[in-house]
There are 2 protein chains.
Amino acid sequence: MSTKQDEELAQERLIDLAAEFYDQFAAGEVPQMNIPTRTKSNIVFDEDSKVWVYGDRTSTRSANSVRGARKLLKASYAIEFLVNQLEEDRSSTLRELYYLSESWDNEEAQFQSQDESNQLIEDLEIVSQVTREDFHMRPEESGATLMGPLELREQTRRGERDIHCQEDVGEGGYQIPNNPDTIEFLDHDVDFVLCVETGGMRDRLVENGFDDEYNCLVVHLKGQPARATRRITKRLHDELDLPVVVFTDGDPWSYRIYGSVAYGSIKSAHLSEYLATPEARFVGIQPEDIVEYDLPTDPLADSDINALESELEDPRFETDYWTEQIELQLDIEKKAEQQALAARGLDFVTETYLPERLSAMGVL
Amino acid sequence: MSTKQDEELAQERLIDLAAEFYDQFAAGEVPQMNIPTRTKSNIVFDEDSKVWVYGDRTSTRSANSVRGARKLLKASYAIEFLVNQLEEDRSSTLRELYYLSESWDNEEAQFQSQDESNQLIEDLEIVSQVTREDFHMRPEESGATLMGPLELREQTRRGERDIHCQEDVGEGGYQIPNNPDTIEFLDHDVDFVLCVETGGMRDRLVENGFDDEYNCLVVHLKGQPARATRRITKRLHDELDLPVVVFTDGDPWSYRIYGSVAYGSIKSAHLSEYLATPEARFVGIQPEDIVEYDLPTDPLADSDINALESELEDPRFETDYWTEQIELQLDIEKKAEQQALAARGLDFVTETYLPERLSAMGVL
């Protein structure tokens, strides 16, 4: 839950950061900020948390150049904006922050591009160890939904809302808010969480009543999942002690979707402990399934082959399971979408494929 | 409302179509199907309905070639599938249909690409004058949401759900189902419908309580709106007699978003009467606003200029208003996003811009 304490902590940390610049000035030092280097070669596996985090290499943002000084100036202005935003219990999007900077009195502090303001917010997250959500910075889109036997309470600006994610929602399901830490889990009959990549498959599972029959909570990932979707998945696992399985297309881009749910992403490795669910397991479509169920396929494109080869070297996929599956796929040179299961009929996925795979995995 | 009658009508029309092929065969004729030509030059303004519809030019799908015969064979198989689907009260996605065809006993009837099956469904919609939704063909994604003082009843497979789009939903709002004709409007305090392009702006309006203060129903378009979003917008206008205004970025691509809400699209001109809301009006960002409010802008790219020039020749934009605005934009060579209003502060859009514009338009 995002509580008043979290927000106070965020405020405190931001002010501390600004105070640090001040102290450096006061001590006659050149102000600077150290940040972990955000590249693939600087992510390491953390044995305690079982997720990938940044390693020891850092980059320094120092005021010893005009460019560096300007960065710290922008950071100071952004900190002031964020502290006021928290003070007033407001929120804003990354895009709004970029435009807002046009109203700042010092032109040197204004952002030249949204990449610049986005990166600054990420830097502040890393340095302050507070998430963007606790700064009240909203993403552009969340959009994913839940459907299943879960009752929750969402703290909205208009008061509390108690919502059962089957009984109180339409067929579209419950819309996950931008900051899912405003949600409290009240009650549930969920046996496992099933994260689904595509809308077509999500709707298939709901139409076939899979959530109802198997007491499963269907989380729609909507392609590469938003932070809010990954966060609520993690909370469902950690707080309700539920197994999490991920169901995507059978191609390298979809394995990355699984990877971002399970291990976190390189870009947000500083948030792995907040967003990643290392216990999440992959249901399929496995390259093995393409062979076993004789699914309709497409040939691998060159970009698919390159992506698979790069996954073989990605520390997140360095397991016997993934090595075997990826090598098999490079061997058969084929990929398949999850909706390709429809070639066996519209009920094949819910009556045969998922029950077989989930039993094999020990989830059912 | 999608009723049993609509579905029976869909079934009947599909069977009639197959019967027509049969009769043509029986009469010793070469079976064929006539379909309006779907190009920009064959859309005309219908004075009665005030939307753009197909003109008189038609294309013929005839079995007088192997290619043509194969098309009609595929149509027959698809018709059989759809009739059974309606019989069993099931539904499926366009993508599933493509894969499903792999299980059909006649290999010649199987689709070679999803473009082919998608186009066939559109052909069937046009010829049978029944919408895809009444065939129970679902889109891949709907995803848009409503927020505002509207109480509705959604007919789901699991029974009726009564939902108030402010009191019974979280901050994410009410998720529009794939087929919004399953919705019945129960009660409302809505004064006007505000369709918003981006998620960031939608969240801004909700955070600022704009829906509450102005009794407005915020419809998130999510970029180019899905059919479900356009359909519910039209129903809100027609059934509840509500003014509809559209709020997008100020660039040629966003004017097309407005156009697809108001006038329908070339691709789905056969559905204009079902999907388009010709009374919908454009709030902004107008090129005029860029000048008047001195908004942060980006220069027009070559592709923007081409798109604006092509809009000047698009019959849907042949009004004094649009000609003036588009020519102004070509003149100032600038575009602006709706979130650029944040350069004047986070409340500028709800406290100044929208109230001013909506008053000028006579909506407030």
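All figures in this text were calculated on a predicted structure; none of them were measured in a lab.

**Details of the overall build of chain A**
A tally of regular secondary structure across chain A gives 13 helices and 17 strands. By its C-alpha atoms, chain A is 70 × 50 × 35 Å across when sized along the principal axes. Evaluated residue by residue, chain A yields a buried proportion of 59% over its 364 residues. Taking contacts inside chain A between residues at least 6 apart in sequence as the whole, the part at least 24 apart equals 73%. In the structure as shown, chain A presents an accessible area of about 14,800 Å², 43% of it carried by carbon and sulfur atoms. In chain A, which carries 35 positive and 76 negative side-chain charges, the distance between the mean positions of the two groups comes to 5 Å.

**Structural notes on the sheet that holds strand S9 (residues 159-164) of chain B**
All names here are of chain B. Spatially, the 3 strands line up as an open sheet ordered S9-S8-S11, and their pairing is antiparallel. The open sheet terminates on both sides in strands that have one partner only, identified here as S9 and strand S11 (183-188). Strand-to-strand twist of the sheet, defined as the mean angle between neighbouring strand axes without regard to direction, takes the value 20°. Of the strand pairs in this sheet, strand S8 (residues 150-156) and S11 are connected by 5 bridges, and their pairing is antiparallel. Paired with glutamate 151 across the bridge in S11 is aspartate 187. Strands S8 and S11 of the sheet are contacted by helix H7 (residues 227-240), whose axis makes an angle of about 50° with S11.

**With respect to the relation of the copies chain B and chain A**
Least-squares fitting of chain B to chain A yields an RMSD of 0.0 Å, with the transformation described by 0.0 Å of translation along the axis and a rotation of 180°. Accordingly, the operation relating the two chain copies is best matched by a two-fold axis. Here 100% of the interface residues in chain B have copies in chain A that are interface residues too; the copies meet face to matching face.

**Describing a negative patch on the surface**
Residue and element names in this part refer to chain A. A cluster of acidic residues, Glu288, Glu292, Asp320, Glu324, Glu327 and Glu356, forms a negative patch on the protein surface. For the negative patch, the secondary structure elements donating two or more residues are helix H10 (287-292) and helix H12 (320-332). Here the element with the most residues in the negative patch is H12; it accounts for 3 residues. Counting through the fold element by element, aspartate 320 comes out in helix H12. Its relative accessible area of 69% is what places aspartate 320 among the exposed residues.

**So, the sheet that holds strand S12 (residues 192-196) of chain A**
All names here are of chain A. Sheet architecture is open: 6 strands sit in the order S10-S7-S13-S12-S14-S15, paired in mixed fashion. Single-partner strands in this sheet number two, and they are strand S10 (174-175) and strand S15 (281-284). Strand direction decides the pairing type here: strand S7 (residues 145-147) and S10, joined by 2 bridges, are antiparallel. Paired with leucine 146 across the strands is tyrosine 174, a residue of S10. Lying on the sheet, helix H7 (residues 227-240) is in contact with S7, S12, strand S13 (216-220) and strand S14 (244-247); it crosses S13 at an angle near 160°.

**Considering the interface of chain B and chain A**
The interface of chain B with chain A comprises 55 residues on the first partner and 55 residues on the second. Each partner contributes to the roughly 4,600 Å² buried at the junction of chain B and chain A, and carbon and sulfur atoms together form 42% of this total. Broken down residue by residue, the surface that chain B buries against chain A is led by B:Tyr99, B:Arg158 and B:Glu207, which jointly contribute 15%. Scanning the region where chain B abuts chain A turns up 15 salt bridges. Put simply, A:Arg90 and B:Asp347 hold a salt bridge, and the shortest N to O gap is 2.6 Å. Our enumeration of links across chain B and chain A arrives at 35 residue pairs in polar contact (both at pLDDT 80 or more). At the level of elements, helix H2 (66-87), strand S5 (92-93), helix H3 (94-100), strand S7 (145-147), S8, S9 and helix H5 (199-207) of chain B are the ones that each hand at least two residues to the side of chain B that touches chain A. No other element matches H5(B), which puts 6 residues into the side of chain B that touches chain A. Considering only residue class, the side of chain B that touches chain A consists of 13 nonpolar, 21 polar and 21 charged.

**Some points on the environment of A:Gly173**
Here A:Gly173 is to be found in the loop between strand S9 (159-164) and S10. Remark: the alpha-carbon pair of A:Gly173 and A:Ala360, spanning 187 residues in sequence, is separated by 29 Å. If we skip the residues at most four places from it in the chain, A:Gly173 touches A:Leu146, A:Met147, A:Arg202 and B:Gln175.

**Examining the packing of aromatic side chains**
Residues and elements named next belong to chain A. This model, assessed by the stated rule, comprises 32 aromatic pairs over all chains. Between tyrosine 321 and tryptophan 322, the aromatic rings sit 5.2 Å apart at their centres with planes inclined by 80°, giving edge-to-face as the arrangement. Owing to a relative accessible area of 30%, tyrosine 321 belongs among the partly exposed residues under this scheme. Members of the aromatic cluster, each reached through a chain of ring pairs, are Tyr255, Tyr258, Tyr263, Phe282, Phe317, Tyr321 and Trp322. The residue whose ring lies beneath arginine 344 is phenylalanine 348, and the NZ or CZ to ring-centre distance is 5.1 Å.

**Some remarks on the side chain of A:Arg90**
Looking at the secondary structure, you find A:Arg90 in the loop between helix H2 (66-87) and strand S5 (92-93). Take A:Arg90: its relative accessible area is 18%, and that puts it in the buried class.

**With respect to helix H4 (residues 114-128) of chain A**
Between its first and last C-alpha, H4(A) extends 21 Å over 15 residues, near the 21 Å set by a 1.5 Å rise per residue. Regarding H4(A), the residues found buried are A:Gln114, A:Ser117, A:Leu120, A:Ile121, A:Glu122, A:Asp123, A:Leu124, A:Glu125, A:Ile126 and A:Ser128.

**A word on the side chain of B:His237**
Mapped onto the fold, B:His237 is located in helix H7. With near-sequence residues (within four places) excluded, B:His237 lies in contact with B:Leu242, B:Val244, B:Thr277 and B:Glu279.

**Here's the deal with helix H5 (residues 199-207) of chain A**
All names here are of chain A. Within H5, 9 of the 9 residues are buried, leaving the element largely enclosed by the surrounding structure. Of the residues making up H5, those classed as buried are Gly199, Gly200, Met201, Arg202, Asp203, Arg204, Leu205, Val206 and Glu207. Note on H5: the residue one or two positions beyond its end, glycine 209, has a positive phi of about 70°.

**Here's the deal with the packing of H2(A) against H4(A)**
Residues and elements named next belong to chain A. At their nearest, the axes of H2 and H4 sit 11 Å apart, and the two run at 75° to each other. When the axis of H2 is compared with that of H4, the two are roughly perpendicular. Touching Lys74, Ala75, Ala78, Ile79 and Leu82 of H2 are Glu116, Leu120, Ile121 and Leu124, all from H4. Here the contact of H2 with H4 is composed, by residue class, of 7 nonpolar, no polar and 2 charged.

Scoring rules and cut-offs
Residues numbered from 1 in each chain as written. Chains lettered and ligands numbered in written order. Predicted model: local features only at pLDDT ≥ 70, side-chain atom pairs only at ≥ 80, totals over all residues. Heavy atoms only, no water. Helix = DSSP H or I, 4+ residues; strand = E, 2+ residues; numbered from the N terminus. Buried < 20%, exposed > 50% of the residue type's maximum accessible area, 1.4 Å probe, protein only. Contact = heavy atoms within 4.5 Å. Areas by Shrake-Rupley, 256 points an atom, 1.4 Å probe, with all protein chains shown as cover. Lys, Arg positive; Asp, Glu negative; His and termini not counted. Charge placed at Lys NZ, Arg CZ, Asp CG, Glu CD. Pairing = 2+ DSSP bridges. Axes fitted to C-alpha atoms, helices over the stretch in contact; angles between N-to-C directions. Least-squares fit on C-alpha atoms with pLDDT ≥ 70 in both. Patch = residues over 30% accessible without salt bridge, like charges linked within 9 Å, V, L, I, M, F, W, Y side chains within 5 Å. Salt bridge = Lys/Arg side-chain N within 4 Å of Asp/Glu carboxyl O. Buried area = accessible area lost by both parts, 1.4 Å probe. Polar contact = N/O pair within 3.5 Å; in protein donor to acceptor, adjacent residues only side chain to side chain. Nonpolar A, V, L, I, M, F, W, Y, C, P; charged D, E, K, R; others polar. Phe/Tyr/Trp six-rings, centres within 6.5 Å; stacked < 30°, edge-to-face > 60°. Lys NZ or Arg CZ within 6 Å of the ring centre and 35° of its normal. Expected span 1.5 Å × (residues − 1). Parallel < 35°, antiparallel > 145°, perpendicular 65-115°, else oblique.

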